[in-house]
Amino acid sequence: MSKLLKDKAYINGTWVAADSGKTFDVTNPATEKTIGNLPDLGEAETERAVDAAHKAFPEWSGMLAVDRQKVLEKWYDLIVEHVDDLVEILTMEQGKPHKEAKGEILNGAGFIKWYAEEGRRIYGDNIPSNADNQRIVVIKQPVGVAAMITPWNFPSSMITRKAAAALGAGCTVVIKPAEATPYSALALAHLADQAGFPKGVFNIVTGDAKTIGEVLTSHPKVKKFSFTGSTAVGKKLMAQCADSVKKVSLELGGNAPFVIFEDADMDKAVDGAITSKFRNAGQTCICANRIFVHENIYDDFLNRFVEKTKALKLGHGDDDKTDIGPMINRDGVEKAYELLKDAIDNGAELHCGGEMRDDLGPRFLEPAVITDVKPSMRIFKEEIFGPVAALYKFSSTDEVVKMANDTQYGLAAYIYTNDLKRAWEVPEALDYGMVGVNSSLLSLPQAPFGGVKQSGFGREGAKYGLDDYIQIKYMSVQF
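Each chain carries its own residue numbering, running from 1 in the direction its sequence is written. Only residues with pLDDT of at least 70 are given local features in this predicted model, and only at 80 or more are side-chain atom pairs given and counted; all residues enter the totals for whole chains, interfaces and linings. Only hydrogens and water are removed before side-chain values are computed, so all heavy atoms of the structure are retained for them.

Some remarks on the overall build of the chain
Then, in step 1: For the chain, the count of helices and strands is 14 helices and 22 strands.
Then, in step 2: In this treatment the radius of gyration is a C-alpha quantity, and the globule benchmark scales as 2.2 Å times the residue count to the 0.38 power. Relative to its length of 479 residues, the chain is compact, with a C-alpha radius of gyration of 23 Å against a globular reference of 23 Å.
Then, in step 3: Judged by the C-alpha coordinates and their principal axes, the chain covers about 75 × 60 × 40 Å.
Then, in step 4: Out of the 479 residues belonging to the chain, those deemed buried represent 54%.
Then, in step 5: We call two residues contacting when some pair of their heavy atoms lies within 4.5 Å. Contacts spanning at least 24 positions in sequence make up 73% of the contacts within the chain whose residues lie at least 6 apart. Segments assigned H or I by DSSP are reported as helices when at least four residues long, segments assigned E as strands when at least two residues long, and all are numbered from the N terminus. In this scheme, a residue with accessible area under 20% of its type's maximum is buried, one over 50% is exposed, and one in between is partly exposed, where area comes from a 1.4 Å probe on protein chains only.

A short note on the side chain of threonine 284
Then, in step 1: In this fold, threonine 284 is placed in the loop between helix 9 (266-278) and strand 13 (288-294).
Then, in step 2: Beyond its immediate stretch of four places on either side in the chain, threonine 284 contacts Asn153, Phe154, Arg279, Glu383 and Phe385.

Brief notes about the sheet that holds strand 13
Then, in step 1: Overall, mixed pairing links the seven strands, which are arranged 14-15-16-13-12-18-19 in an open sheet. Two strands close off the open sheet at either side, each with one partner strand: strand 14 (349-352) and strand 19 (434-437). On average, each strand axis in the sheet is tilted by 25° relative to the strand beside it, whichever way the strands run.
Then, in step 2: Bridging between strand 15 (residues 368-371) and strand 16 (residues 388-394) involves three bridges; their strand directions are parallel. The residue bridging alanine 368 from the neighbouring strand is valine 388, located in strand 16. Two strands are counted as paired when DSSP detects at least two bridges linking them. Structural elements are reduced to axes, namely lines fitted to C-alpha atoms, with helices fitted over the stretch in contact, and the angle between N-to-C directions of any two is expressed from 0 to 180 degrees.

Considerations on the pairing of strand 11 (residues 247-251)
Each regular strand displays side chains that alternate between the two surfaces of the sheet.
Then, in step 1: In terms of burial, strand 11 is largely enclosed, as four of its five residues are buried.
Then, in step 2: Crossovers are marked right-handed if the path from the first strand over the helix to the second runs clockwise, as seen with the strands pointing away from the viewer. The β-α-β motif built from strand 10 (residues 222-228), the intervening helix 8 (residues 231-241) and the parallel element strand 11 has right-handed crossover chirality.
Then, in step 3: As paired elements, strand 11 and strand 21 (residues 456-457) share two bridges and run antiparallel to each other. From the neighbouring strand, glutamate 251 faces strand 21, where its bridge partner is glycine 456.

A look at the environment of proline 387
Then, in step 1: As for its placement among the helices and strands, proline 387 is situated in the loop between helix 12 (378-381) and strand 16.
Then, in step 2: Along the chain, proline 387 and glutamine 134 lie 253 residues apart, while their C-alpha atoms are 62 Å from each other.
Then, in step 3: Those residues in contact with proline 387 that sit more than four places away from it in its chain are Phe278, Ala281, Gly282, Met327, Leu365, Glu366, Pro367 and Ala368.

Examining the environment of histidine 98
Then, in step 1: On the secondary structure map, histidine 98 appears in helix 4 (residues 98-118).
Then, in step 2: By relative accessible area, which is 24% here, histidine 98 ends up partly exposed.
Then, in step 3: Separated by ten residues in sequence, histidine 98 and glutamate 88 place their C-alpha atoms 7.3 Å apart.
Then, in step 4: Residues contacting histidine 98, with those up to four places away along its chain left out, are Val87, Glu88, Thr91, Gly317, Asp318 and Asp320.

Re a negative patch on the surface
Then, in step 1: Residues enter patches when their relative accessible area tops 30% and they take part in no salt bridge; the joining distance is 9 Å for like charges and 5 Å for the nonpolar side chains Val, Leu, Ile, Met, Phe, Trp and Tyr. Areas reported here follow the Shrake-Rupley algorithm with a probe of radius 1.4 Å; residue values treat only the protein chains shown as occluding. By definition, a salt bridge exists where a carboxyl oxygen of Asp or Glu is found within 4 Å of a side-chain nitrogen of Lys or Arg. Counting rule applied: Lys, Arg positive; Asp, Glu negative; His and chain ends not counted. By convention, the point assigned to a charge is CZ for Arg, NZ for Lys, CD for Glu and CG for Asp. Together, Glu88, Asp318, Asp319 and Asp320 give the surface a local cluster of negative charge.
Then, in step 2: Within the element layout of this structure, aspartate 318 appears in the loop between helix 10 (298-311) and helix 11 (330-345).
Then, in step 3: Given a relative accessible area of 54%, aspartate 318 falls into the exposed group.

Observations concerning the packing of aromatic side chains
Then, in step 1: What counts as a ring pair is set by centres within 6.5 Å for rings of Phe, Tyr and Trp (its six-membered ring), and what kind of pair is set by the plane angle: stacked under 30 degrees, edge-to-face over 60, tilted for all other angles. In this structure the tally under the stated criterion is 14 aromatic pairs.
Then, in step 2: Arranged with centres 5.4 Å apart and planes meeting at 80°, the rings of phenylalanine 380 and tyrosine 392 form a pair that is edge-to-face. Taken together, the positions of phenylalanine 380 in helix 12 and tyrosine 392 in strand 16 put the pair twelve residues apart, joining distant regions of the chain.
Then, in step 3: According to the relative accessible area criterion, tyrosine 392 is buried, its value standing at 3%.
Then, in step 4: In this structure an aromatic cluster arises from ring pairing among Trp60, Trp75, Phe197 and Phe202.

Quick notes on the environment of leucine 411
Then, in step 1: Looking at the element boundaries, leucine 411 is found in the loop between strand 17 (409-410) and strand 18 (412-416).
Then, in step 2: The class of leucine 411 is buried, set by a relative accessible area of 0%.
Then, in step 3: Setting aside anything within four residues of it in sequence, one finds leucine 411 in contact with Glu251, Leu252, Gly253, Gly254, Cys285, Ile286, Tyr432, Gly433, Met434, Gly450, Gly451 and Ser455.

Thoughts on the pairing of strand 15
Then, in step 1: Residue alternation in strand 15 divides its side chains into two sets, Ala368 and Ile370 and Val369 and Thr371, and both sets are buried.
Then, in step 2: By the bridge criterion, three bridges tie strand 14 to strand 15 in an arrangement that is antiparallel. Looking at the pairing, leucine 350 lines up with isoleucine 370 of strand 15.

Examining the sheet that holds strand 22 (residues 470-478)
Then, in step 1: Across the sheet, three strands lie side by side as 5-6-22; this open sheet has antiparallel pairing. Since the sheet does not close on itself, it has two edges, and those belong to strand 5 (125-127) and strand 22, each with one partner. On average, each strand axis in the sheet is inclined to that of its neighbour by 20°, with strand direction left out of account.
Then, in step 2: Pairing between strand 5 and strand 6 (residues 134-142): three bridges, direction antiparallel. Pairing of aspartate 125 across the sheet is with valine 138, part of strand 6.

Things to note about helix 1 (residues 43-62)
Then, in step 1: Any helix carries an expected span of 1.5 Å times its number of residues minus one. In a regular helix each residue adds 1.5 Å, so 20 residues correspond to 28 Å; helix 1 covers 29 Å between its end C-alpha atoms and thus fits that length.
Then, in step 2: The axis of helix 1 is deflected most strongly, by about 40°, at alanine 56, and proline proline 58 appears within four residues downstream. Think of it this way: the bend at a residue is just the angle between two axes, each fitted to seven residues, one set ending at that residue and the other starting at it.

Points about the state of the cysteines
Then, in step 1: Cysteine sulfur atoms that come within 2.5 Å of each other are treated as a disulfide pair. Summed over all chains, the structure comprises zero disulfides.
Then, in step 2: No disulfide involves cysteine 241; its nearest neighbouring cysteine sulfur is the one of cysteine 171, lying 15 Å away.

Concerning the packing of helix 2 (residues 65-81) against helix 5 (residues 157-169)
Between two packed helices, both the angle of their axes relative to each other and the distance between the axes serve to describe the pair.
Then, in step 1: It is the contact of helix 2 with helix 5, at a shortest axis distance of 9 Å, that shows an interaxial angle of 160°. Classified by the angle their axes make, helix 2 and helix 5 are roughly antiparallel. In this structure, the crossing between helix 2 and helix 5 has a hand that is right-handed. Between helix 2, through Arg68, Leu72 and Trp75, and helix 5, the contact on the second element is made entirely by Thr160, Leu167, Gly168 and Ala169.
Then, in step 2: Polarity classes work like this: nonpolar for Ala, Val, Leu, Ile, Met, Phe, Trp, Tyr, Cys and Pro, charged for Asp, Glu, Lys and Arg, and polar for all others, with Gly in that last group. Across the contact of helix 2 with helix 5, the residue classes break down as four nonpolar, two polar and one charged. Angular relationships are summarised with four words: roughly parallel below 35 degrees, roughly antiparallel beyond 145, roughly perpendicular across 65 to 115, and oblique for the angles in between. Handedness of a crossing follows from how the near helix is turned relative to the far one, being left-handed for an anticlockwise turn of less than a right angle and right-handed for a clockwise one.

See below:
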């Protein structure tokens, strides 16, 4: 691990400190002990990173797609080779269990493999013209420097998912990782350096989000901006991009409904709800935020779900028996607990969990299940982002679709049913960018990840993930 644990930012192929000498601490969320100190970069260093990416763009975009593919595949191979070291770093700074961390890293690496190949399939068009002496051709070209701000909940895969598409399209990148989890980003930069990316193609800037974000959103040399995070912050960043008219893609908050119909396979539905709700301690934007269960199977589902929830082991991520690790910070714990307490104070019933586990550390919250939850409660409208499962009872399809759509968010939704007609009609009626039918895992390299409404726009993954990093050029040729 020592070779991958870097204490500098990575700009233009060089490991750099802050001009000011300032640093910030990174702590282990399980122990709250300091892991190390990293450079707190400012405006000047961020501008140098953008300039480096801009200077490197002609070479990288001018390479044959097959040659870019070789570099990307080498990066992929190195990530897989060093997966155990990357897991240790990710768990140390983020807290999730080793088995989840490994799944994240390998899933994220899959995006690199996918876009290494998909970058060779960026096709244009030959359009029939109205004249014998004219040819109409459409070509697709990389947009330029792509800037990215990534979140702490998936500190490895959020980088590879964004950067792989940009790099595969021929763009160069400047990435600002979350201050809570920068070591995974720097480890990826080290492996990218070993893979042979030309200087300036791949850059990591660490430090204050506001300072760095203002440069990345306003710099005229940045042509594309991508952000994953809260809706409130995403709106501000989008506004900051307006003056320079950048291409923007946003993956923002969620309030995912998880709907279980009376004909569902109960075992699959319970397991799917457990996975969707409690993965990463409930700290994902596509978590099951509202679990709707048909009244005819409600009691059966509740009993099974509570039993499985009680069996989940809360603990430190480096313990192989751990199912749920710490939350990223105390604010997150307090927010989830506050939503839980508000629901209980207003009539919800607690069936298990919900206690702070100070014996493990100040960032551990037992996974909780509550019922008798009403749409008027805060927990119905707000993203929980913690291990609290709220169950709702419904009686008809029209009723549950209406409740599921009653939110400003539109990222992910899930339904469980064995009725073929319902399996088509309900997803089409749900106002979400992604719908899992009898499936609780949505992030795949070959599938487009993204939302609608105030959950953002743009897609990551699949052939569609290249679109935001490409510009279309139409050529009218006469002779």
